[in-house]
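A structural walkthrough
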Amino acid sequence: MTETVQKPVPTPSPDAQPFYDGAKQGQLMIQRCNACGVCRFVARTRCAECGSPDFAWVRASGRATLISWAHVHQKYHPAFLAETPYPIAMVELEEGPRMVTSLVQLGNTALRAGLPLQVVFDDAGEWKIPKFRPA
Amino acid sequence: MPGNGNESIRGKCAIAGVGITEMGKIYDRSVNDFATEAIFLALDNAGLKASDLDGLLINSGLEGGLSPAFQNTLGLKDLRLLNHMNAFGATAASMVQFAALAIDAGMANTVACVFADAPLKPDRGAGDAYKSRGVASLPEGYASLMWAYGYFGANCGYALAARRHMELYGTTSEQLGAIAVSQRAWATMNPRAQMRTPITLADHQASRYVVEPLRLLDCCLVSNGGVAVIVTSAERARDLKQKPAYVLGMGQGHPGDPQQAGYEPQVNTGARQAGQTAFRMAGIAPQDIRACEIYDCYTYTVLVTLEDYGFCPKGEGGAFVQNGKLGPGGSLPTNTGGGQLSSFYMWGMTPLSEAVLQLQGQCGERQIADSRYVLVTGNGGILSYHGCLILGSEPN
């Protein structure tokens, strides 16, 4: 009998529900301040730039650049063992926000800050989560 | 003027005693036990009794277990100052700051500041103990997203920070390794240090990756134990058993991380803001500092902190550290007990306790010749929270 260990799955908070609902549809949803126009991620109830509580959820283009990356060698979780070492990354979305994520479909791509990336969506339990591949 | 360091408190207070318990893989003692022993060791070091305390500031570590009710464990009566504080690794410096402010304001006269933790268990290694650290303070639900990506704890956050510095400034793993080597050289002279076997740069380069670019020898230890210090007025400290460690400057800096284009809090840390406040208060400049006790959860933390205090320009930390400057015999003795990388990991109490021991002249063969001005720093989160002290051998 084989037992497959599942990777941790996201547990959406009410604040971030539109992000997860969007991801299920293949859309990267972020917040944009209706007062000053600055986009943000993680979900917040007020704009970090101008303090306004007035915002809308908008679909990001999915284009991003690589800010930083690291390869996890430590065996933290059994579900990741098969792909260890695996990459994690910080990327900057075209709209401004930075997110921690992971990288996929790297092939022989040489990683460097500024590398153009494109969002893709991967299964995570009942949800999907945005990851990035070289553009 | 708000935001400016105020010289009026410079030299008004001092650290009069320090207590350090046994450290490391000690599984049969509770956090309360470690904290209690640390305080009584510090009182004894200062030449004080528990009944002399009228203030108590408490910082629980990862394991928790301490609260304001710890007063009752100690049997302390009629305290005039009591709090449980937490800004993670910045807390030790912050507790001394609050103690000094309260003493200067007449709210208390003799304040014990204590940290104790026991995250190591017989069946749980250092990696597991700190797996969730660094995500615990994230917004609701967000930590679970990080785990879904395989981002587990502080090692991942600091690896991303170090890589960013490497990409922006060309910093190398060998330069990070130079910090580990210098600190281990100090640790060989510290009987309390958990790691006392000398290492070379080749050893550092051969050590396994934890989260690349960080190797095992870039990462701090995890320890069970407790540390306490006693803060009192400079006047009183002069009449006690040890040479006072005068508090000459204090500062904090918390950059926040809105994850927004242009913000780089992992390469431009709160140390810059904290240092500006503390140096102004102390009336000195970085070149006056004779030794540094820098929070060193990772080698990278030391490098970026030295840059942000102005010991070298931003981006030049790699070149600054690589020629033994920080080690024994170097021009800027740094982490003279071995630091968190090689001695023991008690959050901000590791650098603070070593600074106090140096100022007391109790460091044996690793004793620095000149402790006129010693910089002590604390850092919490992923370079999120920062506090510092400038301690000195004279009250001015």
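Bear in mind that the values here come from a model prediction, so they are computed numbers and not experimental data. (Residues numbered from 1 in each chain as written. Chains lettered and ligands numbered in written order. Predicted model: local features only at pLDDT ≥ 70, side-chain atom pairs only at ≥ 80, totals over all residues. Heavy atoms only, no water.)

**As for the confidence of the model for chain B**
What counts, and what does not: Per-residue confidence from the predictor is reported as pLDDT, a score between 0 and 100.
Taken residue by residue, chain B gives an average pLDDT of 94. The fraction at 70 or more is 95%. Across the predicted assembly, pTM comes out at 0.96 and ipTM at 0.97.

**Section: empty space enclosed by the protein**
For clarity, the threshold we go by: Here a cavity is any set of points on a 1 Å grid over the protein atoms alone where a 1.4 Å probe fits but cannot get out, and a pocket is any open set with protein on both sides within 12 Å along at least 5 of 7 lines; a residue lines the site when it has an atom within 4 Å of a point. Grid points are joined across faces, edges and corners, and a volume is the space filled by probe spheres set on the points. Numbering of helices and strands runs from the N terminus, with a helix taken as a DSSP run of H or I at least four residues long and a strand as a DSSP run of E at least two residues long. Any residue outside Ala, Val, Leu, Ile, Met, Phe, Trp, Tyr, Cys, Pro, Asp, Glu, Lys and Arg is labelled polar, Gly included; the first ten of those are nonpolar and the last four are charged.
Scanning all chains against the criterion turns up two cavities of 30 Å³ or more. Estimated volume of the largest cavity: approximately 110 Å³. Looking at the largest cavity, it is lined by 18 residues, and the ones nearest its centre are B:Gly337, B:Ser343, B:Phe344, B:Thr350 and B:Glu354. If one sorts the elements of the lining of the largest cavity by residue count, helix α14 (residues 349-360) of chain B sits on top with five residues. Considering only residue class, the lining of the largest cavity consists of five nonpolar, eight polar and five charged. In this model, the second largest cavity occupies a volume close to 30 Å³. Lining the second largest cavity, in full, are A:Val38, A:Arg40, A:Arg44, A:Cys47, A:Ala48, A:Glu49 and B:Gln260. For the lining of the second largest cavity, the residue count by class is three nonpolar, one polar and three charged.

**Section: the pattern of salt bridges**
Quick reminder of the rule: Salt-bridge detection follows one rule: a side-chain nitrogen of Lys or Arg within 4 Å of a carboxyl oxygen of Asp or Glu. For every residue, the accessible area (1.4 Å probe, protein chains only) is compared with the maximum for its type, and the residue is labelled buried under 20%, exposed over 50%, or partly exposed between those bounds.
Under the defined criterion, the tally for this structure stands at 18 salt bridges over all chains. With a shortest N-O distance of 2.7 Å, A:Asp123 and A:Lys128 are connected by a salt bridge. With a relative accessible area of 60%, A:Asp123 lands in the exposed category. Between B:Glu37 and B:Arg29 there is a salt bridge, with its nearest N and O atoms 2.5 Å apart. B:Glu37 gets classed as partly exposed once you look at its relative accessible area, which sits at 27%. Taken together, the salt bridges that share partners define one network made up of A:Glu92, A:Arg98, B:Arg164 and B:Glu264.

**Topic: the sheet that holds strand β4 (residues 110-117) of chain B**
All names here are of chain B. The following threshold applies: Strands are treated as partners if at least two bridges between them are detected by DSSP. Helix axes are fitted only over the stretch in contact, all axes being lines through C-alpha atoms; the angle between N-to-C directions runs from 0 to 180 degrees. For this analysis, residues touch if any pair of their heavy atoms sits within 4.5 Å.
If you trace the nine strands from one edge of the open sheet to the other, you get β3-β2-β4-β7-β1-β8-β11-β10-β9, paired in mixed fashion. In this open sheet, the two strands that pair with only one neighbour each are β3 (81-84) and β9 (291-293). For this sheet the average axis-to-axis angle between neighbouring strands, irrespective of direction, equals 25°. Inspection of the sheet shows strand β2 (residues 55-60) paired to β4 by six bridges, in the parallel sense. In the strand pairing of β4, Asn59 is matched with Phe115. Contacts from helix α3 (residues 91-104) reach β1 (13-20), β2, β3, β4, β7 (225-233), β8 (245-253) and β11 (385-392), with the element oriented near 115° to β8.

**Quick notes on helix α11 (residues 299-308) of chain B**
In an α-helix, one turn spans 3.6 residues; hence positions three or four apart end up facing the same way. Burial within α11(B) is extensive, with ten of its ten residues counted as buried. Looking one or two places after α11(B), you find B:Gly310, whose phi comes out positive at around 90°.

**Remarks on the packing of helix α6 (residues 154-169) of chain B against α11(B)**
All names here are of chain B. To keep it simple, the criterion reads: What sets the label is the angle itself: under 35 degrees gives roughly parallel, over 145 gives roughly antiparallel, 65 to 115 gives roughly perpendicular, and the rest give oblique. Two helices cross in a left-handed way if the nearer one is turned anticlockwise from the farther one by less than a right angle. They cross in a right-handed way if the turn is clockwise.
Axis separation between α6 and α11 bottoms out at 10 Å; the angle between their running directions is 50°. Judged by the inter-axis angle, α6 sits oblique to α11. Considering only the axes of α6 and α11, their crossing is left-handed. Contacts from Tyr158, Ala161, Ala162 and His165 of α6 reach α11 at Tyr300, Thr301, Leu303, Val304 and Glu307.

**Quick notes on the packing of aromatic side chains**
Which entries qualify depends on this criterion: By convention, a stacked pair of Phe, Tyr or Trp rings (six-membered ring in the case of Trp) has centres within 6.5 Å and planes under 30 degrees apart, an edge-to-face pair has planes over 60 apart, and any other such pair is tilted. Charges are assigned to positions over rings by a cutoff of 6 Å between ring centre and Lys NZ or Arg CZ, combined with an angular limit of 35 degrees from the ring normal.
Applying the stated criterion across every chain yields a total of 13 aromatic pairs over all chains. Centre to centre, the rings of A:Phe41 and B:Tyr142 are 5.9 Å apart; their planes meet at 75°, and the pair counts as edge-to-face. One end of the pair, A:Phe41, is in the loop between β2 (39-40) and β3 (55-59); the other, B:Tyr142, is in helix α5 (residues 142-149), on a second chain. Per residue, the accessibility class of A:Phe41 equals that of B:Tyr142, and both read buried. Each residue in the set A:Phe19, A:Tyr20, A:Phe41, A:Trp127 and B:Tyr142 is aromatic and connected to the rest through ring pairs, giving one cluster. Directly above the aromatic system of A:Phe55 lies the positively charged group of A:Arg40, at a separation of 4.9 Å from the ring centroid. Here the basic side chain of B:Lys325 rests over the ring of B:Phe320, its NZ or CZ set 4.3 Å away from the ring centre.

**Side note on the side chain of A:Glu92**
Assignment of secondary structure puts A:Glu92 in strand β5 (residues 86-93). Taking the relative accessible area as the measure of exposure, A:Glu92 reaches 18% and is therefore buried. Discounting residues that sit within four places of it in the chain, A:Glu92 has contacts with A:Arg63, A:Ala64, A:Thr65, A:Ile67, A:Pro97, A:Arg98, B:Ala261 and B:Gly262.

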